[in-house]
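# Architecture and fold: a report
The chain contents come next:
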2 protein chains.
Amino acid sequence: MNETKKSNTEQLILEAAEQEFLVKGYDGARTTIIAEKAGVTHAMLHYYFRTKEQLFERIVAKNSAVVAQTMIAAMGDPNMSVQERIKSGVASHFDLIVANPQLPRFLLNEIILRPERYHMLYENWQETIGQLFEDLQNEVDQAASQGEIEPIDVRMLFLSIISLNVFPFVAQSFAEPLMGNLITDREKFLAARKAENIETILRRIKKQSI
Amino acid sequence: MNETKKSNTEQLILEAAEQEFLVKGYDGARTTIIAEKAGVTHAMLHYYFRTKEQLFERIVAKNSAVVAQTMIAAMGDPNMSVQERIKSGVASHFDLIVANPQLPRFLLNEIILRPERYHMLYENWQETIGQLFEDLQNEVDQAASQGEIEPIDVRMLFLSIISLNVFPFVAQSFAEPLMGNLITDREKFLAARKAENIETILRRIKKQSI
DNA sequence: TTTACGTATAACAATTTTGTTAAATAGAAT
DNA sequence: ATTCTATTTAACAAAATTGTTATACGTAAA
């Protein structure tokens, strides 16, 4: 109930555009189809957003904030022990992906296709993420030196976390037919997968008994 | 030196098409650009392959064999102990991805966009993969019951393996700017990442000391 | 009421992209 | 030499996609 500020048709177009762009990407989406799905003539689309490009920008802008959010979430809550922090990081990152399951594939593709367009995003992200890496690495190093966990490069750990959490969504339609009944009950699978990813990451940093 | 059987221009077109399609996908690729990159007139492209669609089919056909190969590789060599089998599976799967770094993103996207087109692939894969899952699950269950490893659903394990191995390539251009100097030396990073993924998976199945 | 403004429609224009064709060329087979 | 075939070229046609414009409509302010 918070998006009624803008004219109704403008909003309808934005919603249809988001669906189309997220699923089909910039190249695959068609302005005529977007207009059709929005239930407006396709001239209206150009009236409100001038070009496909500008409409696309709106969708990217709306969604790229979420991406930064997910990356930060994956670093966990600093007010916790290292293990707890990482555990909460995996969990909340996973939850954010579940809430935006189409977003990763979309953005990964668009960034590969037109990297120039996303330079500005990186400048925002780089320092925030860099700082978080630094902090977390310090914590990890300290915990490792006290024998609480195994030493590890947090960037590698981070890459593992987002790999485990994101890939099943990027690859969903690929994996589904191969996994038998594992994925059929979506709720069940999501819960199991979340637990599995947490387990995998925690075991990775767990101190090996000698 | 083994592809000179076909006429030279046909081969040139195929090579250019593979580059374009793998990077830009079906929607993003342009037949004119492919022809240009191949150094032939774009009428030649239609002369040899009639339609963009048919040219695309050729590229898909050529590459989808590799995909089946990677999945099978990820199951490891059955003539080994379970730990060794899984370790070798992760390693050789990783190597296959390194050898075809653009393929995963390409196929994942195309399958999502036009699932119908890939039904035939699944029918081949499903039984092979299903059988491999069954065999491996038996081995794992047995090893687990003897206290050698932790019990686990091999499909979950498989999903983790391909997540860890594939995602960094799918997300390369996204991750690069965020990872600082971690990725700059590609050879070094690949070796480190391979070791990291093996370690992560082996720890996942390692029997916990009590 | 009338003016002004944002919104809507329908028809059209421009551009991009894919696909075709007729005629020219070159080389091998008869 | 002639015929036949595969290849090439250049110009063109068709389709799909994006973008524009002239005109109409409705509503709120003057």
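Calculation criteria
- Residues numbered from 1 in each chain as written.
- Chains lettered and ligands numbered in written order.
- Predicted model: local features only at pLDDT ≥ 70, side-chain atom pairs only at ≥ 80, totals over all residues.
- Heavy atoms only, no water.
- Salt bridge = Lys/Arg side-chain N within 4 Å of Asp/Glu carboxyl O.
- Helix = DSSP H or I, 4+ residues; strand = E, 2+ residues; numbered from the N terminus.
- Buried < 20%, exposed > 50% of the residue type's maximum accessible area, 1.4 Å probe, protein only.
- Near = heavy atom within 4 Å.
- Polar contact = N/O pair within 3.5 Å; in protein donor to acceptor, adjacent residues only side chain to side chain.
- Nonpolar A, V, L, I, M, F, W, Y, C, P; charged D, E, K, R; others polar.
- Contact = heavy atoms within 4.5 Å.
- Least-squares fit on C-alpha atoms with pLDDT ≥ 70 in both.
- pLDDT = per-residue confidence, 0-100.

## Regarding the pattern of salt bridges
Residues and elements named next belong to chain A. Tallied over the entire structure, the rule returns 28 salt bridges over all chains. The shortest N-O distance in the salt bridge between Asp95 and Lys194 comes to 2.9 Å. Highlighted residues: Asp95 in helix α5 (residues 82–99) and Lys194 in helix α10 (residues 186–205), separated in sequence by 99 residues. Looking at Asp95, the relative accessible area reads 38%, which means it is partly exposed. You can call Lys194 partly exposed: its relative accessible area is 23%.

## Comments concerning the protein's contact with DNA strand C
Inspection of the region around DNA strand C gives 17 residues, with Met44(A), Tyr47(A), Arg30(B), Thr31(B) and Lys52(B) positioned closest. Near-protein atoms of DNA strand C (within 4 Å) split between backbone and bases, with sugar and phosphate holding 64%. A distance of 3.1 Å separates a phosphate oxygen of DNA strand C from a polar side-chain atom of Tyr48(A). Interatomic distance of 2.9 Å between a side-chain N/O atom of Arg30(B) and a phosphate oxygen of DNA strand C. Looking at the surface near DNA strand C, the elements that each hand over two or more residues are α3 (42–49) of chain A together with α2 (31–38) and α3 (42–49) of chain B. It is α3(A) that contributes the most residues to the surface near DNA strand C, four residues altogether. Residue composition of the surface near DNA strand C, by class: six nonpolar, eight polar and three charged.

## Considering the environment of Thr31(A)
Residues and elements named next belong to chain A. Inspection of the secondary structure puts Thr31 in helix α2 (residues 31–38). Here Thr31 falls in the buried class, since its relative accessible area comes to 16%. In this structure the C-alpha to C-alpha distance between Thr31 and Ile13, which are 18 residues apart in sequence, comes to 9.8 Å. Discounting chain neighbours no more than four positions away, the residues touching Thr31 are His42, Leu45, His46 and Lys52.

## So, the relation of the copies chain A and chain B
Each copy superposes on the other: chain A lies on chain B with an RMSD of 0.0 Å after a rotation of 180 degrees and an axial shift of 0.0 Å. Such a combination of rotation and displacement between the chain copies is what one expects of a two-fold axis. Comparing interface residues between copies, 100% of those in chain A also sit at the interface in chain B, which points to an isologous, same-surface contact.

## A look at the confidence of the model for chain A
On average, residues of chain A score 94 in pLDDT, and 97% of them reach the 70 mark or higher. Here residues 1–5 of chain A is a poorly scored stretch, pLDDT under 50, and it has one contact once near neighbours within four places are set aside; other chains count.

## Describing the side chain of Asn63(B)
Residues and elements named next belong to chain B. Secondary-structure assignment places Asn63 in helix α4 (residues 52–74). A relative accessible area of 6% means that Asn63 is categorised as buried. The residues contacting Asn63, other than those within four sequence positions of it, are Glu18 and Leu103.

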